[in-house]
Amino acid sequence: MVIKSKFGDYPVIFSSFEEVIKKYEGKRIVYVMDRNVHKLHHEKFRAISKDEIYLFDADEKNKSPEESFRIIGFFEDRHIDRSCIIAVIGGGITQEAAGFACCIFLRGLKWILFPTTLLAMSDSCIGGKCGLNYNGAKNRVGVFYPPSETVIDTGFLSTLSCDRIIDGEGEIIKSCLLSPEYASDAFSFSEDAIAEYIKKALYVKKGIIETDETEGGRRMLLNFGHTFGHALEAYTENRITHGKAVLWGMDIAMYVSMRMGYLNKADYIRAVSLIKSLYDFDIKIASPDLFLDFLKKDKKTRGKSVFFIMLKGFGEPFIENIEIDGCLRGLFLDWLAEN
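A brief report on the enclosed structure follows.

The rules behind these values
- Residues numbered from 1 in each chain as written.
- Predicted model: local features only at pLDDT ≥ 70, side-chain atom pairs only at ≥ 80, totals over all residues.
- Heavy atoms only, no water.
- Buried < 20%, exposed > 50% of the residue type's maximum accessible area, 1.4 Å probe, protein only.
- Helix = DSSP H or I, 4+ residues; strand = E, 2+ residues; numbered from the N terminus.
- Pairing = 2+ DSSP bridges.
- Core = buried A, V, L, I, M, F, W, Y, C linked by side-chain atoms within 4.5 Å.
- Contact = heavy atoms within 4.5 Å.

1. Let's talk about the pairing of strand E3 (residues 29–34)
For E3, the tally of buried residues reaches six of six residues, placing the bulk of the element in the interior. Every second residue of E3 is oriented toward a common face, with Ile29, Tyr31 and Met33 on one face and Val30, Val32 and Asp34 on the other, all of them buried. Note that E3 and strand E4 (residues 53–56) share four bridges and pair parallel. In the strand pairing of E4, aspartate 34 is matched with phenylalanine 56.

Take a look at the structure:
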C-alpha cells in the first residue's frame, strides 16, 4: 500500500528487515533502535557496527524533547549528513522521538521505519505524527514528518509480551469499529490472521489521513477512545499502557454515546463485552476531579469543551463538542458508579 502525503508519498511493505536493508547496500545507514529489541533480536543486527546504533530506552518518559536532542547529539557526533539514511527500529515511543529528531536535524533526514510492536504496526507507523510529551501532557509538542518507507516485519512480534499484544489488539479493534467495511470483523478478531488485521487497520487509517493528514478535522476520528485513554495514562503515571488505556477509553466513549442517545444499548453491551474480553484490569479513579484536570490538557480541548469522538453505530463515528465540567463530567461519574 502507498500512503499519499503532502510531505511525499511513502509505501508500506510487508517484508523482513534483512531483505529491505539489502536494497540500501552502498548507502550509509545509521540506526536508532529500541534497546530491548536489539537484545531480543540480536541475530538480525549482528552485522551492524555498534558505533552506528543509538540504543533507545523506550519508556514514556523518554518521549521527550530532551531525549530527541540526545539523538540529535548522536547524529552530530557521527557526522551525519543528508546523504545518510536513518533506520528507526522500535515501537511508537522510539518512532516518535527518533522521527522528531530526524525532522529537525539538518531540516530533515531521510528515515525508514521498522515498527516492532503490534500497536505500531497497526496504527502509528503511518500518518507521520512525531509527538513528544511535555509538562505532564501527552503529545504536547510535535511535528508531522512521515518516513520515506515503512517496513512491517511480523517476525518482531514473536518476542512481544501478552500485554503488548493486547495493546495492539486494542488499536485494531478501534480501527475496525470506525469502519463500515470492517466493523463486523472486530467481533471475530483472530490472532491467527494478525497480518490481515494489521492491513485492515492500516487501510482504515489510510482512508482518513489521506483526506486530513494534519488533523484539521476528520483525522480526529482516529482518537476514538483516546481522550479518556490519554488522561488515564497521565493519571496513572503511565502504569497503564497505551493500548489498554485506549480500550478503557473506548468503553467510556461508547457509554457516553449510548447515554446521549446515539448508540443503542444492545450495541453498547455487545461492544463492551468484546473490549472487556481483551483486558482484565480494574481501574480505580480515586479523584475524578484530578483525572478530569488531565483530560483538560487533551489537544482536542477548546476552552471549556473538548471535541469528543462517539459512535452512532458500528462504523459510524462522529465528533461532538462537549463541555467537560458539564455533560461529560456527569456521564463520567455515572460510568464510574456503574463500573
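2. Digging into the sheet that holds strand E12 (residues 317–323)
Overall, antiparallel pairing links the three strands, which are arranged E10-E11-E12 in an open sheet. Two strands close off the open sheet at either side, each with one partner strand: strand E10 (301–302) and E12. Pairing analysis gives two bridges linking E10 to strand E11 (residues 305–311), with the strands arranged antiparallel. The residue of E11 that forms the bridge with arginine 302 is serine 305.

3. Concerning the nonpolar core
Of all hydrophobic cores here, the largest spans 117 residues; its most connected members are Tyr31, Phe75, Ile86, Trp248 and Phe291. When residues in this core are grouped by element, the largest group, eleven residues, is from helix H9 (residues 242–259). The residues contacting phenylalanine 291, other than those within four sequence positions of it, are Phe228, Ala231, Leu232, Tyr235, Trp248, Ile285 and Phe332.

4. Some details on unusual backbone geometry
The backbone of arginine 107 sits at a positive phi, close to 60 degrees, despite the residue not being glycine. Note that arginine 107 resides in the loop between helix H4 (92–104) and strand E6 (110–115). The class of arginine 107 is exposed, set by a relative accessible area of 78%. The residue asparagine 139 is not glycine, and still its phi comes out positive at about 55 degrees. Summarising the element assignment, asparagine 139 is placed in strand E8 (residues 137–144).

The values reported here are purely geometric and, on their own, carry no functional implication.
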